[in-house]
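Below, each chain spelled out in residue letters.
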Amino acid sequence: QRTKFTFYLLPFTFYLLLFLLPLSLYLYLPIRSSAHPFVNWGDPDRIGGFLDYITAKGYAHYFEQSSILDHLQRAAGHWKTTIPSQFGSLFLPAIIGTFLLLLKRKRVFGLFLLVALANTAHCSHYNIPNVWDYYMPIYIILAVGLSETLSLPFALIKHRAILFLSPFLLLIPILPFSKNIKGQNRSKEYHYYDEGMAWLSSPVENAIILTKGDICFILWYLHYVENVRPDLFLINGTFLHCHWLMEEITKLKPDLILDKQVPEKRVSSLELANVRFQKYREIMEKNIDRYPIYTPFADDITTGFRLLPEGLFQRVLDKSIPDDEFARLVSSNVYDLGAYQKRSKGLLTSVKGSYVRQGVLFSEMGSNNEAIDSFKKAKKMDPTDKEVLTNLAKCYYNLGLGFDQKSNFGEAKRCYEETIRFDPTMIDAVYNLGLLYHKRGDSKNTLIYWKKVLEIDPGKVKTRENIATVYYNSKDYRNAYRECQRILSAEPQNQLASNMIMAIRAIAPGAIPK
């Protein structure tokens, strides 16, 4: 009996140790955190912080409370696109090899199946944008399956033939290698470094930088490791509920006005988010007159403040700043990121966003010409950006309205035409351009643009009434009658169309088709 107990106990103990051994890596977290490094991720040197860390509480909002059907559909989508994309043409051989294990090593196959099901269930529930990173266990299983498939020829062919077959088998790994080498070769990858340098180049001296999310990694490295802009003070809003950050603020920025009390007990993710929100607001409200404060975000946290684009950041300003002063500050901004912008094409997206924000501010202040200049700079970086093109169209439309009201036909026409060039679907600009020609008695061009209005929106009955009127006044009774018929098919009680048909019957009965 003792021998039987020992027979089961020893393997169980062995496998338990194998299970616990990798988990022991988590013990490093409280040890390192207790040394108070510049950069920390939560409070793992405290029991509550440690439990929050290993249970991924900070990422709880990514775990969707969806129905089982939604999870199954998401999992099916991952197996259809996300997982196969890692293997390309070798995906099917990898699947075949994995199932071959069922014939040779049933226990191993059973273990792999359980791991794959658990991994899929987790990832279908974890709705994070880069979900492919979390399928690593399945990638390893499929890699084992692929090796099983590739080993088949060696088992089936005589040893001499293998000498001829081996070079071809060795070529197979070149397929994924050639596909992935470009993405993994970072020898000339400057984007993240250049982006961080660009972010840190714009704030004025001794500024406070409020960030949140993954941008902190770039800035932390440059600031703390390479000592870039040591005059700045970085605060990541993601950790405003953590003791370590409050201690860091007390040590490095003791005069910063902020309630440094944080929850002592474990609270819900929603409560933590509220704590972070309140502290973020408190830093801005109580220190805006004492320090220059910058943030890359415009959301609920910055509501009630004016945001001035400066480089890639936005400077937080008091809402009470006079409009003329704010306009002067917006106009004086310079967006020269030098070598960083030229070397890293990916950085153009961030720079483009700065020009767009500047253009929006000018537009809100009614400075449409300045707004157009900003949007055109953004357009140079991405000629197809729909947001930029739409904003350009709106600015030209507003300018066109101003010239239209002043009866400046030439400038109004030019602005409306520019509006349509950037956004051919802006129906008001198309209509107004037709109206300009109508005021000058140009029936031909009037009809061209008003018909374009109907191409965009066939349900514009008022425009069709105007077209019918133009035809009627031009004595083109046949087309006027046809337009009236179309109006009545949409609005049987339309008085204008009914009266016009009666008039046509009286004036030119021959114009009415039989």
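To be clear, the structure that these remarks concern was listed above.
Note that the coordinates shown come from a computational prediction; the quantities given were computed from them, not determined experimentally.

Parameters and conventions
- Residues numbered from 1 in each chain as written.
- Predicted model: local features only at pLDDT ≥ 70, side-chain atom pairs only at ≥ 80, totals over all residues.
- Heavy atoms only, no water.
- Helix = DSSP H or I, 4+ residues; strand = E, 2+ residues; numbered from the N terminus.
- Rg over C-alpha atoms; globule rule 2.2 N^0.38 Å.
- Buried < 20%, exposed > 50% of the residue type's maximum accessible area, 1.4 Å probe, protein only.
- Areas by Shrake-Rupley, 256 points an atom, 1.4 Å probe, with all protein chains shown as cover.
- Lys, Arg positive; Asp, Glu negative; His and termini not counted.
- Charge placed at Lys NZ, Arg CZ, Asp CG, Glu CD.
- Phe/Tyr/Trp six-rings, centres within 6.5 Å; stacked < 30°, edge-to-face > 60°.
- Pairing = 2+ DSSP bridges.
- Core = buried A, V, L, I, M, F, W, Y, C linked by side-chain atoms within 4.5 Å.
- Contact = heavy atoms within 4.5 Å.
- Expected span 1.5 Å × (residues − 1).
- Axes fitted to C-alpha atoms, helices over the stretch in contact; angles between N-to-C directions.
- Parallel < 35°, antiparallel > 145°, perpendicular 65-115°, else oblique.
- Left-handed = near helix turned anticlockwise from the far one by under 90°.
- Nonpolar A, V, L, I, M, F, W, Y, C, P; charged D, E, K, R; others polar.
- Salt bridge = Lys/Arg side-chain N within 4 Å of Asp/Glu carboxyl O.

### A word on the overall build of the protein chain
Piece 1. Helix and strand counts for the protein chain stand at 24 helices and five strands.
Piece 2. Against the globule reference of 24 Å for 514 residues, the protein chain gives a C-alpha radius of gyration of 34 Å, more extended than a compact globule.
Piece 3. Looking at the protein chain as a whole, 40% of its 514 residues qualify as buried.
Piece 4. Accessible area for the protein chain stands at about 30,400 Å²; split by element, carbon and sulfur atoms hold 60% of it.
Piece 5. Of the charged side chains in the protein chain, 62 are positive and 50 negative; the average position of the first set lies 10 Å away from that of the second.

### Observations concerning the packing of aromatic side chains
Piece 1. The full count for this structure, using the stated rule, is 14 aromatic pairs.
Piece 2. With a centroid separation of 5.5 Å and 70 degrees between ring planes, the pair formed by Tyr472 and Tyr477 is classed as edge-to-face.
Piece 3. Residue classification places Tyr477 among the buried residues on the basis of a relative accessible area of 15%.
Piece 4. The structure contains a cluster of three or more aromatic residues connected by ring pairs, namely Phe217, Trp220, Phe239 and Trp244.

### Examining unusual backbone geometry
Piece 1. For Asn227, which is not glycine, the phi dihedral falls at a positive 60 degrees.
Piece 2. Looking at the element boundaries, Asn227 is found in the loop between helix H11 (215-225) and strand E2 (233-236).
Piece 3. Even without being glycine, Arg229 reaches a positive phi, approximately 50 degrees.

### Notes on the pairing of strand E4 (residues 306-310)
Piece 1. Burial of E4 is extensive: five of the five residues sit out of reach of the surface.
Piece 2. Across the two faces of E4 the burial is the same, with Arg306, Leu308 and Glu310 and Leu307 and Pro309 all buried.
Piece 3. Here E4 folds back onto strand E5 (residues 313-317) in antiparallel fashion, the turn holding two residues, of which Gly311 has a positive phi close to 65 degrees.

### Regarding the nonpolar core
Piece 1. Formed by 80 residues in total, the largest nonpolar core has its most connected members in Leu210, Ile235, Leu245, Ile249 and Met284.
Piece 2. Counting residues per element, this core draws most heavily on helix H18 (residues 386-405), which supplies eight residues.
Piece 3. Those residues in contact with Leu245 that lie beyond four places of it in its chain are Ile235, Asn236, Phe239 and Leu240.

### What about the environment of Asp457?
Piece 1. Residue position: Asp457 is located in the loop between helix H21 (443-456) and helix H22 (461-473).
Piece 2. C-alpha separation for the pair Asp457 and Ile427, spaced 30 residues apart in sequence, amounts to 8.2 Å.

### Remarks on the environment of Ala118
Piece 1. Considering the arrangement of structural elements, one finds Ala118 in helix H6 (residues 106-125).
Piece 2. Residue classification places Ala118 among the partly exposed residues on the basis of a relative accessible area of 47%.
Piece 3. Along the backbone, Ala118 and Gln358 are 240 residues apart, and their C-alpha atoms lie at a distance of 48 Å.

### Comments concerning helix H19 (residues 409-422)
Piece 1. With 14 residues, H19 extends 20 Å from end C-alpha to end C-alpha; this agrees with the ideal 20 Å at 1.5 Å per step.
Piece 2. Listed as buried for H19 are Ala412, Cys415, Tyr416, Glu418, Thr419, Ile420 and Phe422.
Piece 3. Those residues of H19 hidden inside the fold are in contact with helix H17 (368-381), H18, helix H20 (427-439) and H21.

### So, the environment of Pro153
Piece 1. Position of Pro153 relative to the elements: it lies in helix H7 (residues 136-156).
Piece 2. Along the sequence, Pro153 and Phe177 sit 24 residues apart, while their C-alpha atoms lie 22 Å from each other.

### Describing the packing of H22 against helix H24 (residues 495-507)
Piece 1. Two elements in contact, H22 and H24, have axes separated by 11 Å at closest approach and are oriented at 20 degrees. One element, H22, and the other, H24, form an angle in the roughly parallel class. When the axes of H22 and H24 are compared, the crossing they make is left-handed. Note on element contacts: H24 touches H22 through Leu496, Met500, Ala503, Ile504 and Ile507, opposite Glu465, Ala468, Thr469 and Tyr472.
Piece 2. Looking at the contact of H22 with H24 residue by residue, the classes come out as seven nonpolar, one polar and one charged.

### Structural notes on the pattern of salt bridges
Piece 1. Going through the model one piece at a time under the given rule, you end up with 18 salt bridges.
Piece 2. Between Arg315 and Glu310 there is a salt bridge whose closest N-O contact spans 3.9 Å.
Piece 3. Classification of Arg315 by relative accessible area gives partly exposed; the value is 23%.
Piece 4. The salt bridge involving Glu411 is made with Arg414; its shortest N-O contact spans 2.9 Å. Linking Glu411 with Arg414, this pair stays in helix H19, spanning three residues, or about one helical turn.
Piece 5. Classification of Glu411 as partly exposed rests on a relative accessible area of 28%.

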